[in-house]
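Spelled out from the first residue to the last, the chains are:
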Amino acid sequence: MQLSPSMQEFILHWGNMGSRWGLNRSVAQIYALLHLSPDPLTAEEIAGTLNLARSNISNGLKELQAWKLVRTTRQLGDRRDYFTSVGDIFDLVETVIEARREREFAPTLTALRDIQGRAEGDDTPPEVRARIAETYEVMQTLDGWYDDISQLPRASKLSLLRIGSKIGALLSGDALKPKKKKKKATS
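**Student:** Tell me about the overall build of the protein chain, and name the residues and values.
**Tutor:** Helix and strand counts for the protein chain stand at 7 helices and 3 strands. Reading the helices (α) and strands (β) of the protein chain from amino to carboxyl end gives α-α-β-α-α-β-β-α-α-α. Its C-alpha atoms give the protein chain a radius of gyration of 22 Å, clearly above 16 Å, the size a compact globule of 187 residues would have. Taking the principal axes of its C-alpha atoms as reference, the protein chain extends roughly 65 × 50 × 30 Å. For the protein chain, the proportion of contacts with a sequence separation of at least 24, taken over those separated by at least 6, is 52%. Working note: accessible area of the protein chain is about 13200 Å², and carbon and sulfur atoms make up 56% of it. For the protein chain, the distance from the average position of its 27 positive side-chain charges to the average position of its 24 negative side-chain charges is 8 Å.

**Student:** Tell me about the side chain of K157, and name the residues and values.
**Tutor:** Structurally, the position occupied by K157 is in helix α7 (residues 154-172). A relative accessible area of 12% places K157 in the buried class. Each residue touching K157, except ones within four places of it in the same chain, is listed here: F90, E94, I149, S150 and L152.

**Student:** Give me the lowdown on the pairing of strand β3 (residues 82-85), citing residues and values where you can.
**Tutor:** Regular strands place side chains that alternate from one sheet face to the opposite one. In the sheet, strand β1 (residues 41-42) pairs with β3 via 2 bridges, with the strands oriented antiparallel. Directly across from L41, in β3, lies its bridge partner F83. One ladder, built from 4 bridges, connects strand β2 (residues 70-73) with β3; its direction is antiparallel. When the sheet's bridge partners are listed, R71 is paired in β3 with T84.

Quick notes on the rules
Residues numbered from 1 in each chain as written. Predicted model: local features only at pLDDT ≥ 70, side-chain atom pairs only at ≥ 80, totals over all residues. Heavy atoms only, no water. Helix = DSSP H or I, 4+ residues; strand = E, 2+ residues; numbered from the N terminus. Rg over C-alpha atoms; globule rule 2.2 N^0.38 Å. Contact = heavy atoms within 4.5 Å. Areas by Shrake-Rupley, 256 points an atom, 1.4 Å probe, with all protein chains shown as cover. Lys, Arg positive; Asp, Glu negative; His and termini not counted. Charge placed at Lys NZ, Arg CZ, Asp CG, Glu CD. Buried < 20%, exposed > 50% of the residue type's maximum accessible area, 1.4 Å probe, protein only. Pairing = 2+ DSSP bridges.

Set out below in structure tokens:
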């Protein structure tokens, strides 16, 4: 696959951002390439395009599959696997949020619930028990909110995103203030 300068810049930037999000830079670049590619790519095509070792590509694809961010397909008469990204950026965000919820948020909720129960029976001071309980309650509320939102159809989620800032501004009183013009991002 031939990359234009803009495509190269996109992939490099995505790699930099991925490393800030806790992904290996190469893994993020593999995802970016698959996201931009109009057609499924083989591991060999990915390695050649990104100029990365085949073993690095193989490991990166396994990680992306574990995160459910890429899909594998086959083509008739070809023994190779072909890889595609999960879809559009909305699908990516939903997949990452759900994976992080399962890996990070849910275990924290379980731990907090257990800690709260143990704190009731040991010499934990009442004000500390109250803080633990409050933390658990807020996190449980956020998790319930996420669960409710995740059940909505995509169109409803997009509508909520669009009106969310308007509701926030209305509740904070900012809706009555004159709006400032946003600056365009510069490179």
